[in-house]
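# Structure assessment
Here are the chains, one letter per residue:
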Amino acid sequence: METSKIRNIAIIAHVDHGKTTLVDAMLKQAGTYRDNETIVERVMDSMDLERERGITIMAKNTSVRYGDYKINIVDTPGHADFGGEVERVLKMVDGVMLLVDAAEGCLPQTRFVLRKALEAGLPAIAVVNKIDRHDSRPEEVVNEIYELFLDLDATNEQIEFPILYAISREGIAKKKLDDTSANLKPLFDQIIETIPAPHALRNDSLQLLVANVDYNEYVGRLAIGRIFSGEIARNQEIVIAGHEGAVKKTRVKELYVFEGLKRELAESAGVGEIVALAGVEDINIGETITNPDNPQPLPAIAVDEPTIAMIFSVNNSPFAGTEGQFVTSRQIKERLDREVLGNVAIRVDETASPEQFKVSGRGELQLAILIEMMRREGYEVQVSKPEVITRRVDGQLQEPIEQVVIDCPEEAQRADDQNGESRNGPRADGI
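Quick look at the structure, then. Remember, predicted model here, so these are calculated numbers, not experimental data.

The next thing to look at is the packing of helix α4 (residues 108-119) against helix α5 (residues 138-151). A pair of packed helices is captured by two measures, namely the crossing angle of their axes and the spacing between those axes. Packing of α4 against α5 leaves a shortest axis separation of 10 Å and a crossing angle of 55°. By the angle class used here, α4 and α5 are oblique. Handedness of the α4/α5 crossing: right-handed. Of the residues in α5, those in contact with Thr110, Arg111, Leu114 and Leu118 of α4 are Leu148, Phe149 and Asp151.

Here's what the structure looks like:
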């Protein structure tokens, strides 16, 4: 695939603003499905918990073909508790699509995810979604988006973002509200125009940053990442540049590229491609795959520090051992270690007791999801109440703070009435 024909984009949004539904429509209109194939709604939400809760928990990537172009799409979580997913996948893309509900507008999680994208210097496309809602207010939402970009100190180039209007459920996008459109062609064209093509960081070495890990029962562990420099091929000898300068030599057994919802075998891949490698067992997120003769590691993925911690321990209640099949501390420790390998925002520390482990994360929702996943997998685990993580900075005890944004339209209306500046005209009682 020519590098100039590749586009890498992440879709970011608040929870339930239609992000995964829009990806469904993009896959359908790009011809990913056969004519007689059963189409699964919210296909990117592959976890049972994601479907039950209606939220995206794990970031996932797919791709669509649009003419001569290949668009790699990353569906990101919309909740700050899963910010570790956002931070690592933003390393794989060259731009973002900000999806905002036409009625709800910019909500707190929108601010969090967009801030990460702007700090990475990525260009953005704004899409005002669900314009068919009876309470939609697209013009006001556009103004809110501009205010949000200004609040987050966007650069002059980032503030000049294009705006589109969409109904993701019907697969419609348009540049103006009064335009006539029956598909997502305006959105695809805008992605090709706004999102830059990848470019090589250097010409003297391979650089592939691992942003995700997966497992396949046939080929074992898979390292998923983006090629920033050079090319990679099947059976090629490579080295893994670790976090502490360690270099491990290995060989690529299988090479996969993403085509639609599937991974397809490939002989080689170049700059800009998002690939999956088999045969690299001892590898972690944030490490770099590079050439043995000229290793050139990339900077490791930086994530925000955890804010709360819980103690995971063996279930010692009177009913211990009656539900799960994994009940020992060794089994719980092995499961938590696997979680750390694929989740950069989770940390596990041993305690004074061999049967207890301190698990730190971004928020209560993230740890609650982990507990529920372990329960469904058959693990019996007992957890403590969450505790805030404090640190000493320059001799002062500090704790994490959370910015809360509360919309109070009634309070604002009351203040305007008192000032004689009611935005909605005089009230019925004459006040």
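If you trace the 8 strands from one edge of the open sheet to the other, you get β12-β11-β17-β8-β9-β16-β13-β14, paired in antiparallel fashion. A single partner strand is all that each edge strand has here, and the edge strands are β12 (247-251) and β14 (262-265). Here the strands of the sheet are splayed against their neighbours by 40° on average, with no regard to which way each runs. Bridge count between strand β11 (residues 237-241) and β12: 5 bridges; the pairing is antiparallel. Counterpart to Val239 in the pairing with β12 is Lys249.

A word on the nonpolar core. Counting residues in hydrophobic clusters, the biggest one holds 67 residues, and the most contacted among them are Val128, Ile145, Phe149, Ile232, Leu277 and Ile289. The contacts of Phe149, once residues within four sequence positions are left out, are Leu98, Leu114, Leu118, Ala124, Ala154, Gln158, Ile159 and Phe161. In this structure, Ile71, Ile73, Ala166 and Leu187 belong to the second largest nonpolar core, which totals 24 residues.

Let's shift gears to the side chain of Arg7. With respect to the helices and strands, Arg7 occurs in strand β1 (residues 6-13). Buried within the structure, Arg7 lacks any salt-bridge partner; its nearest side chain of opposite charge belongs to Asp94, at an N-O separation of 7.6 Å. A polar side-chain atom of Arg7 sits 3.3 Å from the main-chain carbonyl oxygen of Ile192. Beyond its immediate sequence surroundings of up to four residues, Arg7 is in contact with Tyr69, Lys70, Ile71, Asn72, Ile191, Ile192, Ile195, Pro196 and Ala197.

On to the pattern of salt bridges, then. Tallied over the entire structure, the rule returns 23 salt bridges. The salt bridge partner of Glu140 is Arg137, with a shortest N-O separation of 3.5 Å. Judged by its relative accessible area of 48%, Glu140 falls in the partly exposed class. Measuring nitrogen to oxygen at the nearest pair gives 2.7 Å for the salt bridge that ties Arg375 to Glu372. Of the two residues, Arg375 and Glu372 are both situated in helix α9 (residues 364-376); the distance of 3 residues between them amounts to about one turn of the helix. Overall, Glu372 belongs to the buried group, its relative accessible area being 18%. Salt bridges sharing common partners tie together Arg65, Lys70, Glu259 and Glu273.

A large share of strand β9 (residues 220-229) lies buried, amounting to 10 of its 10 residues. As defined by bridge partners, strand β8 (residues 207-216) adjoins β9 across 9 bridges and the pair is classed as antiparallel. Within β9, the residue paired with Leu208 across the bridge is Ile227. Counting the residues that bridge the hairpin from β8 to β9 gives 3 residues. Pairing analysis gives 5 bridges linking β9 to strand β16 (residues 274-278), with the strands arranged antiparallel. Following the sheet pairing, Arg226 is matched in β16 by Ile274.

Moving on, we come to the packing of aromatic side chains. One pass over the structure, following the stated rule, counts 4 aromatic pairs. Between the aromatic rings of Tyr66 and Phe188, the centroid separation amounts to 4.9 Å while the plane-to-plane angle is 20°, which identifies the pairing as stacked. Highlighted residues: Tyr66 in strand β2 (residues 60-66) and Phe188 in helix α7 (residues 185-194), separated in sequence by 122 residues. According to the relative accessible area criterion, Phe188 is buried, its value standing at 3%. Ring pairs connect the aromatic residues Tyr146, Phe149 and Phe161, which therefore count as one cluster.

Calculation notes
Residues numbered from 1 in each chain as written. Predicted model: local features only at pLDDT ≥ 70, side-chain atom pairs only at ≥ 80, totals over all residues. Heavy atoms only, no water. Axes fitted to C-alpha atoms, helices over the stretch in contact; angles between N-to-C directions. Helix = DSSP H or I, 4+ residues; strand = E, 2+ residues; numbered from the N terminus. Parallel < 35°, antiparallel > 145°, perpendicular 65-115°, else oblique. Left-handed = near helix turned anticlockwise from the far one by under 90°. Contact = heavy atoms within 4.5 Å. Pairing = 2+ DSSP bridges. Core = buried A, V, L, I, M, F, W, Y, C linked by side-chain atoms within 4.5 Å. Buried < 20%, exposed > 50% of the residue type's maximum accessible area, 1.4 Å probe, protein only. Lys, Arg positive; Asp, Glu negative; His and termini not counted. Salt bridge = Lys/Arg side-chain N within 4 Å of Asp/Glu carboxyl O. Polar contact = N/O pair within 3.5 Å; in protein donor to acceptor, adjacent residues only side chain to side chain. Phe/Tyr/Trp six-rings, centres within 6.5 Å; stacked < 30°, edge-to-face > 60°.

The values reported here are purely geometric and, on their own, carry no functional implication.
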